[in-house]
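Listed here are the chains, written in short residue letters.
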Amino acid sequence: LGMHVVAKFFLRNAVPLRSPDVNSESDRPVVFPSSSTLRFDTDTTLKILAVAKRIQVTVNDLLTRDLFLAIDAWRTQNGVQSKNEWLRFFVPINHRVAEDATLSAANVMSAVFLERQSSQLHDPESLLRSLQLQMQRVKRYQLGFLFIAAHALMSRIPQLRACVIRQKKCVSSCVFSNVGVVFNQLALLRQDGKLKIGDVLLEDVDFVAPLRPMTAAAFCVCSYAGRLSINLHFDPRAISKSQAKSLLNSLDSKIRQSLKTQHKE
C-alpha cells in the first residue's frame, strides 16, 4: 500500500490553482503575506459540527470535500480547468500523543496528499465517502510516516534533496491544514469565550499556512471562541485579491450548500 501511494505521487503531476504568468494584475505591487479569512458565526459552526457527526464523518472530511468542489468551480470560472488534471492537496497530519502535551512549540507532524480529477468531483456524496475512506486508511496504516521516511531518505542523499526542492514543478495544488480548537487550554479570563487580558479582548485569530513555489494557496482552519474560520494565504503573483475573495466565496457557498443538502436528508 505504501509503495502504491509513493508511485501515485511521482506518476501524477499536480496542477497549480493558477499560474503566475496568467495573472492580469501581475504588474501590481506584490505583498507577502496576502491573506483573507472566511469566518462562520456560532450557529453555522454548530451546524457544521452537527452535520459531520450525524453523517459520521469528520469535520475535516466535510471541509476537504467542499474545498475540492469550490476549487474546481473556481478554476472553471477562471478558465484554467482541464478534466485530466490532478488537484493535489497537501494535508499536514498531527502525530502528537498524550506524552507530547508538555512539549514547547514544536512540529510533531507529517503529511499526506489527497488527489482528485475533475471527473471524480461530480458526485459530492461519493467524493465525501472516498475522502473519508482514504483518511481512515491513512490513520489505520500510518501512511503519514511515508512523508517522514522520504525526508529521512533525502537527508542521506543531499543531491536528491536539492533536486526535489529546486524542481520547477507543482508538488501540491494547495495546502489544507486544520489546527483545531485554539487557546482552549489557556488559564486566562474569558468573555463570551474570547480571551480577555486586562481591558484587551482577543476578538479573532488567524493562522496563516506557508506557501512554496507553484503552490499558490494555503487554507488553514481553526476554531476560536466557538467559531470556525478558514484563512486563505495566497500568492498575489498568481491570485489577485478579488480572485482570492471569489475563491473563499465559492468555498462558503459549497459549505452552506452541504449543510442545506445534509439537513434535508
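This structure is a prediction, so every number in the text was calculated from the model and none was measured.

Conventions we followed
Residues numbered from 1 in each chain as written. Predicted model: local features only at pLDDT ≥ 70, side-chain atom pairs only at ≥ 80, totals over all residues. Heavy atoms only, no water. Helix = DSSP H or I, 4+ residues; strand = E, 2+ residues; numbered from the N terminus. Contact = heavy atoms within 4.5 Å. Pairing = 2+ DSSP bridges. Axes fitted to C-alpha atoms, helices over the stretch in contact; angles between N-to-C directions. Parallel < 35°, antiparallel > 145°, perpendicular 65-115°, else oblique. Left-handed = near helix turned anticlockwise from the far one by under 90°. pLDDT = per-residue confidence, 0-100. Expected span 1.5 Å × (residues − 1). Buried < 20%, exposed > 50% of the residue type's maximum accessible area, 1.4 Å probe, protein only. Arc of directions from axis to C-beta. Polar contact = N/O pair within 3.5 Å; in protein donor to acceptor, adjacent residues only side chain to side chain. Phe/Tyr/Trp six-rings, centres within 6.5 Å; stacked < 30°, edge-to-face > 60°. Lys NZ or Arg CZ within 6 Å of the ring centre and 35° of its normal.

Novice: Explain the environment of Glu-99 to me, please; I cannot follow it from the model alone.
Specialist: Topologically, Glu-99 is positioned in the loop between strand 2 (86–94) and strand 3 (109–117). Sequence separation between Glu-99 and Ser-34 is 65 residues; the distance between their C-alpha atoms is 36 Å.

Novice: Got a minute to help me understand the side chain of Thr-44 in this structure?
Specialist: For Thr-44, the location among the structural elements is in helix 2 (residues 42–54). Filtering out sequence-adjacent residues up to four positions away, Thr-44 remains in contact with Arg-256 and Leu-259.

Novice: Would you mind going over the pairing of strand 4 (residues 174–181) with me for this structure?
Specialist: The two faces of a sheet get side chains in turn, since along a regular strand they alternate between them. With 2 bridges connecting them, strand 2 and strand 4 associate as parallel partners. In the strand pairing of strand 4, Phe-89 is matched with Cys-174. Sheet topology places strand 4 next to strand 8 (residues 217–224); 6 bridges connect them, and they run parallel. Pairing of Gly-180 across the sheet is with Cys-222, part of strand 8.

Novice: Sorry, what's going on with the packing of helix 3 (residues 59–77) against helix 4 (residues 124–140) here?
Specialist: Running from N to C, helix 3 and helix 4 point in directions that differ by 130 degrees, and their axes come no closer than 9 Å. Considering the angle they form, helix 3 stands oblique to helix 4. In this structure, the crossing between helix 3 and helix 4 has a hand that is right-handed. The residues of helix 4 that touch helix 3, namely those facing Asp-61, Leu-62, Thr-64, Arg-65, Phe-68 and Leu-69, are Pro-124, Glu-125, Leu-127, Leu-128, Leu-131, Gln-132 and Met-135.

Novice: Hey, could you run me through the confidence of the model for the protein in this one?
Specialist: Do not read the fine detail of predicted coordinates wherever pLDDT is low. Across the protein, the average pLDDT comes to 88, with 91% of residues at 70 or higher. This stretch, residues 22–26, has a pLDDT under 50; its non-local contacts, to residues over four places away or in other chains, come to 10 contacts.

Novice: Just checking my understanding: could you explain helix 2 for this structure?
Specialist: For the α-helix, the turn length of 3.6 residues means that residues three or four positions removed from each other point alike. The end-to-end C-alpha distance of helix 2 is 18 Å, a good match for the 18 Å that 13 residues give at a rise of 1.5 Å each. Taken as a whole, helix 2 has its buried residues at Thr-44, Thr-45, Ile-48, Val-51 and Ala-52. One side of helix 2 carries all its buried residues, which in axial view fall inside an arc of 130 degrees. Structural note: helix 2 exposes Asp-43, Lys-47 and Lys-53 on the side pointing more than 90 degrees away from its buried face. Residue Asp-41 occupies the N-cap position of helix 2, its side-chain oxygen lying 3.3 Å from the main-chain nitrogen of Asp-43.

Novice: Looking at this structure, I do not really get the sheet that holds strand 9 (residues 227–234). What am I missing?
Specialist: Spatial ordering of the open sheet is given by 1-9-8-4-2-3, a layout of 6 strands whose pairing is mixed. Edge positions in the sheet fall to strand 1 (34–39) and strand 3, since each has one partner strand and no second. Going across the sheet, the axis of each strand differs from the next one's by a mean of 20 degrees, ignoring polarity. Where strand 2 and strand 3 come together, 9 bridges link them in antiparallel fashion. By the bridge assignment, Phe-90 is partnered in strand 3 with Phe-113.

Novice: Quick question: what am I supposed to make of the packing of aromatic side chains here?
Specialist: The relative placement of two aromatic rings is captured by the distance of their centres and the angle of their planes. One pass over the structure, following the stated rule, counts 4 aromatic pairs. Ring geometry for Phe-90 versus Phe-147: centroids 5.6 Å apart, planes at 70 degrees, classification edge-to-face. In this pair, Phe-90 sits in strand 2 while Phe-147 sits in helix 5 (residues 145–156), placing the two residues 57 residues apart along the sequence. For Phe-90, a relative accessible area of 17% corresponds to the buried category. Overall, Phe-147 belongs to the partly exposed group, its relative accessible area being 22%. With 6.3 Å between their ring centres and 85 degrees between their planes, Phe-183 and Tyr-224 make a pair best called edge-to-face. Highlighted residues: Phe-183 in the loop between strand 4 and strand 5 (190–191) and Tyr-224 in strand 8, separated in sequence by 41 residues. An aromatic cluster of three or more residues is present, and its members are Phe-90, Phe-113 and Phe-147. Above the face of the Trp-86 ring, Arg-12 is positioned so that its terminal group lies 3.9 Å from the ring centre. For the cation-ring pair, Arg-88 lies above Phe-113, with the distance from its terminal atom to the ring centre recorded as 5.8 Å.

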